[in-house]
Amino acid sequence: MNALKKTLGAVVKYGSLIIGAVVAIIPIIAIFFASFKTSGEYTTTGPLTPPEDWTFIENYIRAFTEGNMLTGFLNILIILFAAIIGSTLTGSMVAFVLNRFDFRGSKILIGAFLLATLIPAVTTQVATFQIIEGLGAFNTRWAAILLYLGTDIIAVYIFLQFMQSISVSLDESAMLDGASYVDIYTRIILPLLKPAIVTVIIVKGVNVYNDFYTPFLYMPKSDLHVISTALFKFKGPYGSEWEVICAGVMIAIIPTLIAFLALQKYIYNGLTQGSVK
Amino acid sequence: MFRFSKLSYSAQRRVVIFSFSLIPVVLLLTFSYLPVFNMFQYSFTDWDGFSEMEFVGIENYITIFTNPEYFSVFKVSLYYFVATFFQMGIALYFATILSYQVRFKNFFKGVLFFPFLLNGVAIGFMFLLFFRPEGTLDTILHALGLSEYIKLWLGNPDIINISLAGTSIWRYMGFNFLIFLGAISSIDKEIYEAAEIDGANKWHQFRYIILPGIKMIVSLNLILAISGALSAFEIPYIMTGGSNGSETFVIQTVDTAFKYGKIGLGSGMAVVLLLIVIVVTVMQRKLVKED
């Protein structure tokens, strides 16, 4: 009786895990298969039939060259780099000030950063658009960089939280040696914040690489396409050429897959820590 | 020569506080608070983005609440709202299972989580292919002998929102799963052992140890997911552009403001959504705190 119950438990457990895994993978597999099919093959075979010739990479070449994806990668790299450096610096600086000094208005400031996370950015685009346009940043990479710095304030949180675990006695002993506050920030705090910086890189990296509406609204020019918007452009002209679209989708998700396989542990930890608001 | 370290600490303090927080605060005010403030202002005007702004009082709000065309799209949010609970349930189920001894644990964890990392546009195309007539889903149903259940997943206005909300579950479940898994692993292992000695089965362990241990995290995730459901935008916009009855409030807001140039009305809609999201969040935080 007990043995039966145990087997049944195992069947349910592994059965549900396998179903879950299949559901998670199948939509990706279908895209993967289709990306290697010729257009004739695509129309005559089912989506879950593997391609005849795995070396047929014509779709990838077309997606990459006609689909503006090189520009997309370059732009997203520039934006990612600027957003990560920028939010690491601004976030750690403001976290240093808010954590180490108790001054008039510091509580209000913390509250202001806290409250801002309640505002879903997608709801305020109507007015944000006018500000970006007023600054002359519309249709420049600055639009995305500024918005990633100014509205995605998660970095401030991650640093504020992490600062609490860095003992103030470190600052004090450095002060006995005559270190200035700037020295303390650059030589003690910033190096110790390394794990938090990794978290910020991961969280920002995922958010920025996958963001659609910021580049879509603020950088419509085709020179400024990022991966999301370059891919979105496939929708009209390639409407009937699904095999090319699928190759484009694969090109967009391959970097994610590589990053995931290489940095799995950091990604898990980063996202878990980054989520605690 | 001037050297910063020669200044007294109290002078340094003032300089550091000011210079370190200047840029972050300017960014915060310009891109997080100013838009909200401006949006309130625009919402009382008939501005089209170019001509003179004219004050129209609460006319935009009257339009939003009385014209069924505008407010009825909130019905679509209900699909995403309900999906949220499925999403949490599935995430909680897999997180619980995988926090016990399981073979290939890392493989299952990785596969269940991975969709969350994917680009939203890529996911949109993936599921356009998935739901197409004779697409991936139909092929699977044929293979399982369930051909009679095949529907026009994205063509039928009665089903389209279920398909899209399902896509949303596929996309976001992995995140909740990961967070729940982390929360469960922080529960002291000895408690399970003690419970097992007392004869508690797995269900008891879940009900009396795991669930109370992660209640806080679950409710916080629920709040985030609910505000996410209210402001659902990416998946329906990318996949259908809001056609066929899949238009959400945010799609409508963005279209009203940017496609039809009614910045005033669009702002009013955005204000309504913002207030609803804030009320939901504050209410739930209160509830969580009271527990």
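Residues numbered from 1 in each chain as written. Chains lettered and ligands numbered in written order. Predicted model: local features only at pLDDT ≥ 70, side-chain atom pairs only at ≥ 80, totals over all residues.

**Comments concerning the overall build of chain B**
In plain terms, the rule: Numbering goes from the N terminus for both helices and strands, where a helix is a DSSP run of H or I of at least four residues and a strand is a run of E of at least two. Two things to know: the radius of gyration comes from C-alpha atoms, and the globule rule equals 2.2 Å times the number of residues to the power 0.38. Each residue is classed by its C-beta neighbour count within 10 Å, where at least 20 other C-beta atoms makes it buried, 12 or fewer makes it exposed, and intermediate counts make it partly exposed; the C-beta atoms are placed from backbone geometry. Placing C-beta atoms from the backbone, we regard two residues as in contact once those atoms come within 7 Å.
The secondary structure content of chain B amounts to 13 helices and zero strands. The helix and strand sequence of chain B, counted from the amino end, reads α-α-α-α-α-α-α-α-α-α-α-α-α. The C-alpha radius of gyration computed for chain B amounts to 25 Å, which surpasses the reference 19 Å derived for 291 residues by more than 25%, pointing to a less compact arrangement than a globule. In terms of overall dimensions, chain B has C-alpha extents of about 70 × 70 × 40 Å along its principal axes. Buried residues in chain B amount to 44% of all 291 residues. The long-range share in chain B, meaning contacts at least 24 apart out of those at least 6 apart in sequence, stands at 69%.

**Some details on the overall build of chain A**
Within chain A, the secondary structure is distributed over 14 helices and zero strands. Mapped from its N terminus to its C terminus, chain A presents α and β elements in the order α-α-α-α-α-α-α-α-α-α-α-α-α-α. Its C-alpha atoms give chain A a radius of gyration of 24 Å, more than 25% over the compact-globule value 19 Å for 277 residues. Over its C-alpha atoms, taken along the principal directions, chain A stretches across nearly 75 × 70 × 35 Å. Considering chain A as a whole, with its 277 residues, one finds that 44% of them fall into the buried category.

**Examining the domain arrangement of chain A**
The cut-off we apply is this: Where each domain begins and ends is defined by an automated method or by a domain database.
Under the domain assignment, chain A is made up of domain 1 (2-60) and domain 2 (68-235). Put simply, the middle of domain 1 of chain A and the middle of domain 2 of chain A, counted by C-alpha atoms, are 38 Å apart.

**Some remarks on the packing of helix α4 (residues 74-98) of chain B against helix α8 (residues 160-185) of chain B**
Residue and element names in this part refer to chain B. Filter applied, for reference: Interaxial angle, 0 to 180 degrees, is taken between N-to-C directions of lines fitted to C-alpha atoms, where a helix line uses only the stretch in contact. What makes a crossing left-handed is the near helix being turned counterclockwise from the far one by less than a right angle; a clockwise turn instead makes it right-handed. Note on residue classes: Ala, Val, Leu, Ile, Met, Phe, Trp, Tyr, Cys and Pro are nonpolar, Asp, Glu, Lys and Arg are charged, and everything else, Gly too, is polar.
Look at α4 against α8: their axes get within 7 Å of each other, and the N-to-C directions meet at 35 degrees. By crossing handedness, the relation of α4 to α8 is classed as right-handed. Of the residues contributing to the contact of α4 with α8, the split by class is 21 nonpolar, five polar and no charged.

**Section: the interface of chain B and chain A**
With 64 residues of chain B in contact, the opposing surface of chain A contributes 70 residues. For the side of chain B that touches chain A, the element with the most residues is helix α1 (residues 9-42) of chain B, which contributes 19 residues.

**A few points about the nonpolar core**
Heads up, the condition is: Remark: nonpolar core denotes a set of buried Ala, Val, Leu, Ile, Met, Phe, Trp, Tyr and Cys residues whose joining runs through C-beta atoms within 7 Å.
Core analysis: the largest hydrophobic core is formed by 165 residues, its most contacted members being Val249 of chain A together with Ala122, Met126, Phe177 and Phe180 of chain B. Top element by residues in this core is α8 of chain B. It accounts for 15 residues. Three or more residues apiece are contributed to this core by two domains, here domain 1 (2-60) and domain 2 (68-235) of chain A. Excluding residues within four positions of it along the chain, Phe180 of chain B makes contact with Ala91, Leu92, Ala95, Ile214 and Ile217 of chain B.

**Overview of unusual backbone geometry**
All names here are of chain B. Of note in the backbone geometry, Phe104 takes a positive phi value of approximately 55 degrees without being a glycine. Within the secondary structure layout, Phe104 lies in the loop between α4 and α5 (105-113). With phi around 60 degrees, Glu134 is a residue other than glycine that occupies positive phi space. In this structure, Glu134 sits in the loop between α6 (120-131) and α7 (136-143).

**Examining the packing of helix α1 (residues 2-34) of chain A against α6 of chain B**
Stated precisely, the cut-off is as follows: If an angle is under 35 degrees, it is roughly parallel; if it is over 145, roughly antiparallel; if it lies from 65 to 115, roughly perpendicular; otherwise it is oblique.
At a minimum axis distance of 9 Å, the contact between α1 of chain A and α6 of chain B shows a crossing angle of 90 degrees. By the criterion of interaxial angle, the relationship of α1 of chain A to α6 of chain B is roughly perpendicular. Contact with α1 of chain A, carried on its side by Pro27, Ile28, Ala30, Ile31 and Ala34 of chain A, involves Met126, Phe127, Leu129 and Phe130 of chain B of α6 of chain B and no other residues of that element. Taken together, the residues of the contact of α1 of chain A with α6 of chain B sort by class into nine nonpolar, no polar and no charged.

**Observations regarding the environment of Ile85 of chain A**
Tracing the backbone through its elements, the reader meets Ile85 of chain A in helix α4 (residues 69-100). Along the primary structure Ile85 of chain A and Ala24 of chain A are separated by 61 residues, whereas in three dimensions their C-alpha atoms are 33 Å apart.

**A look at the environment of Met269 of chain B**
Residue and element names in this part refer to chain B. As for its position among the elements, Met269 is in helix α13 (residues 263-290). On the basis of neighbour counts, which here come to 28 C-beta atoms within 10 Å, the residue Met269 falls in the buried class. In the structure, Met269 is positioned 16 residues away from Thr253 in sequence and 6.1 Å away in space, judged by C-alpha atoms. If near-sequence neighbours (up to four positions away) are discounted, Met269 is found in contact with Ile64, Tyr70, Phe249, Gln252, Thr253 and Thr256.

**A word on the confidence of the model for chain B**
We count it as follows: Known as pLDDT, the predictor's confidence for each residue is given on a scale from 0 to 100.
Residues at a pLDDT of 70 or more form 99% of chain B, whose mean pLDDT is 88. Interface scoring of the predicted complex returns ipTM 0.90; its pTM is 0.89.

**Some words on helix α6 (residues 125-134) of chain A**
Residues and elements named next belong to chain A. The buried fraction of α6 amounts to seven of the ten residues, a majority that puts the element mostly inside the structure. For α6, the complete set of buried residues consists of Gln125, Val126, Ala127, Thr128, Phe129, Gln130 and Ile132. Just beyond α6, the residue with positive phi is Gly136, at close to 75 degrees.

**Brief notes about helix α11 (residues 194-210) of chain A**
Heads up, the condition is: To estimate the expected span of a helix, subtract one from its residue number and multiply by 1.5 Å.
End to end, α11 of chain A covers 24 Å across 17 residues, agreeing with the expected 24 Å (1.5 Å per residue, within 8%). All of the buried residues in α11 of chain A are Ala196, Ile197, Thr199, Val200, Ile202, Val203, Lys204, Val206, Val208, Tyr209 and Asn210 of chain A.

**What to know about the environment of Gly150 of chain A**
With respect to the secondary-structure elements, Gly150 of chain A resides in helix α7 (residues 141-150). In this structure, the C-alpha to C-alpha distance between Gly150 of chain A and Ala116 of chain A, residues 34 residues apart in sequence, is 10.0 Å. Beyond its immediate stretch of four places on either side in the chain, Gly150 of chain A contacts Leu27, Leu28, Thr30, Phe31 and Ser32 of chain B.

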